[in-house]
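An overview of the molecular structure
Read off the chains here:
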Amino acid sequence: MRSRVSSGTMVSLNMILHIDMDAFFASIEEAINPRLKGKPLIVGSRGNRMHTVVCAANYAAKALGIHSGMPTKRAYSIYSKLEFVTADQAKYIWTSEQILGFLKGFNLPLNYASIDEFQLDLSGCLGIKPVSLGKEIKAQIYADFNITASVGIARNWLLAKLASKLNKPDGLTLIDDSNFEQVLRKASLDKLCGMGGKNGKVLMAKGLETCWDLYLNLPGFFNNNSGKFEENTGKPTEKPKSVSHSYTLPRDQVNHQVIQAWIRLLSEMIAVRLRQQNLVSATVYIWLNGPVIGNFGAQKTHQVSTNDGYEIYQRALKIMARSSLRNPRIRAIGVTCGSLSHGIYYPLLKEEARRERLIQALDRINNRFGEGVIYPANTTLTRQ
Amino acid sequence: MNQNSFSPKARWDRFEPDKCGFNPDSLNERIEVLANFKHAKIFPKSFTWHDKEYIIETVTYNWQERIGQALISYFSVFCTGQMYQISFNNSTFRWQIDKLIQ
């Protein structure tokens with residue numbers, strides 16, 4: 001199935017090269033402002049440093065036990081002199097797309113796995129030395145952006161991703177026949193993709209501590225679970241199953257006008273994406289989270305599909321009105337549109353035709369001057 | 001493969017942090033910039049802000065963002081002991097100083 005590979009030999013079959021950027025957002029902020037380099041740094045989702053969550057932490061902060069997803073209040077309780085930067089998606093997305101563009105230049109099957117993860121399929125490419133290629137990619141990324149990446153190379157994406165995590169930051173790890181057992185014995189189970197949550201806890205409770213323990217108990221796991229490499233270069237090739245947006249509020253909210261404003265904004269954001277892809281949706285699903293209600297979710301499918309943000313918003317409100325929720329405290333809101341189909345909505349009634357023209361005019365304005373430049377009046381509450 | 005759904009999207013709520021008023025360093029003032037335009041790239045050399053000229057010693061990072069039809073090029077620059085973020089709008093040809101980087 002595979003042959004032994006080292007930096008000097010040529011690759012044969014089934015090799016995936018996984019590139020994982022090291023503390024991506026935090027590294028970009030360090031590159032922008034060299035004063036921050038080496039100091040414990042967190043990137044916060046919002047500008048208010050005490051009322052947000054850690055979006056990314058650099059390695060100095062990670063060494064203190066601070067990690068992404070942690071409330072910043074808790075992070076500051078661990079280390080009060082943390083450096084703080086507000087997340088700015090534009091620079092992270094731009095950098096990610098530049099790296100994607102550079103990787104496309106290799107003319108290999110490429111998977112844009114996430115904003116900071118990329119995978120190249122080297123299968124069947126004779127003449128490519130995977131370790132040399134990994135080194136070249138790392139060097140070029142560092143030269144262009146002054147940030148580091150870790151590379152993992154293995155026979156499938158699961159092992160390649162694991163390999164990329166083993167020598168972070170700035171690592172390059174190859175897993176092949178010669179070191180398979182040695183690497184898996186050293187790798188704790190939670191480093192494996194999908195084992196960080198409940199699955200990992202269940203297996204660890206059964207006494208499996210390392211990836212090698214898993215391999216001994218489920219020998220086929222690393223082959224059967226590897227999945228098929230699917231190319232994805234960031235451009236949607238087929239119709240999505242659903243389109244959704246969600247938002248976590250800075251604090252619990254009982255003001256129904258603010259809650260409705262966020263539902264309207266999320267509905268409009270979904271509607272824009274539906275119209276961009278010529279899609280209409282029949283099912284609206286609303287999800288709410290709060291300290292008392294926990295997770296609430298309900299959906300309704302309608303006969304008439306739509307891609308009008310106002311209509312999606314109205315359908316979401318009707319779902320809420322039918323529920324037993326009465327002025328709940330809300331922390332997070334999500335709206336999802338499913339049952340998607342390709343199609344253009346042809347209005348029959350005069351009022352509907354007028355509404356359709358209005359939507360088209362709004363889209364033209366937002367396309368020219370930027371998304372959200374013109375927006376429904378009641379979403380103003382989301383900007384305060 | 002179970003990781004094939006990523007595609008970065010513009011978001012209507014992306015301006016939220018600045019709009020919340022939590023960014024006291026935000027300036028957004030027009031400036032004059034001396035820059036080289038070479039091979040479709042921009043290299044700012046100095047800028048004049050409030051009648052004072054600032055010689056750019058280093059451009060530490062640059063990135064771009066499309067807002068509608070306009071392409072905004074951002075630069076984080078270091079001059080005389082202070083970091084600044086400046087930007088150029090290719091639609092209005094306006095240079096501005098966005099903020100001081102602390």
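Reading guide: rules and limits
Residues numbered from 1 in each chain as written. Chains lettered and ligands numbered in written order. Predicted model: local features only at pLDDT ≥ 70, side-chain atom pairs only at ≥ 80, totals over all residues. Pairing = 2+ DSSP bridges. Helix = DSSP H or I, 4+ residues; strand = E, 2+ residues; numbered from the N terminus. Axes fitted to C-alpha atoms, helices over the stretch in contact; angles between N-to-C directions. Domains from an automatic or database assignment. Contact = placed C-beta atoms within 7 Å. Nonpolar A, V, L, I, M, F, W, Y, C, P; charged D, E, K, R; others polar. Expected span 1.5 Å × (residues − 1). Buried ≥ 20, exposed ≤ 12 C-beta atoms within 10 Å, placed from the backbone. Arc of directions from axis to C-beta.

**Quick word on the sheet that holds strand S11 (residues 294-306) of chain A**
Residue and element names in this part refer to chain A. Spatial strand order, S9-S12-S10-S11: 4 strands in an open sheet with antiparallel pairing. Because the sheet does not close on itself, it has two edges, and the strands there are strand S9 (243-253) and S11. For this sheet, the mean inter-axis angle between neighbouring strands, taken without regard to orientation, is 15°. Here 10 bridges tie strand S10 (residues 279-290) to strand S12 (residues 330-342), and the two strands are oriented antiparallel to one another. By the bridge assignment for S12, tyrosine 285 is matched with threonine 336.

**Considering the domain arrangement of chain A**
By a frequent convention, interface size equals the accessible area lost on bringing the separate parts together. Residue and element names in this part refer to chain A. The domains assigned to chain A are domain 1 (24-90), domain 2 (97-224) and domain 3 (243-383). For domain 1 and domain 2, the distance between their C-alpha centres works out to 25 Å. In this complex, domain 1 contributes 5 residues to the contact, which on the side of domain 2 involves 7 residues. Take the side of domain 1 that touches domain 2: its biggest share by element is 4 residues, from helix H1 (residues 24-32). Here the side of domain 1 that touches domain 2 is built from residues that sort into 4 nonpolar, 1 polar and no charged.

**Some remarks on helix H5 (residues 130-145) of chain A**
All names here are of chain A. In a regular helix each residue adds 1.5 Å, so 16 residues correspond to 22 Å; H5 covers 22 Å between its end C-alpha atoms and thus fits that length. Among the residues making up H5, those that are buried are Pro130, Leu133, Gly134, Ile137 and Ile141. Mapping the buried residues of H5 onto a view down its axis gives an arc of 100°, with all of them on the same face. For H5, exposure combined with an orientation more than 90 degrees from the buried face picks out Ser132, Glu136, Ala139 and Ala143. Contacts made by the buried residues of H5 are with strand S1 (16-21), helix H4 (89-104), strand S7 (149-154) and strand S8 (172-174). Following H5 by one or two positions, asparagine 146 adopts a phi angle in the positive range, close to 60°.

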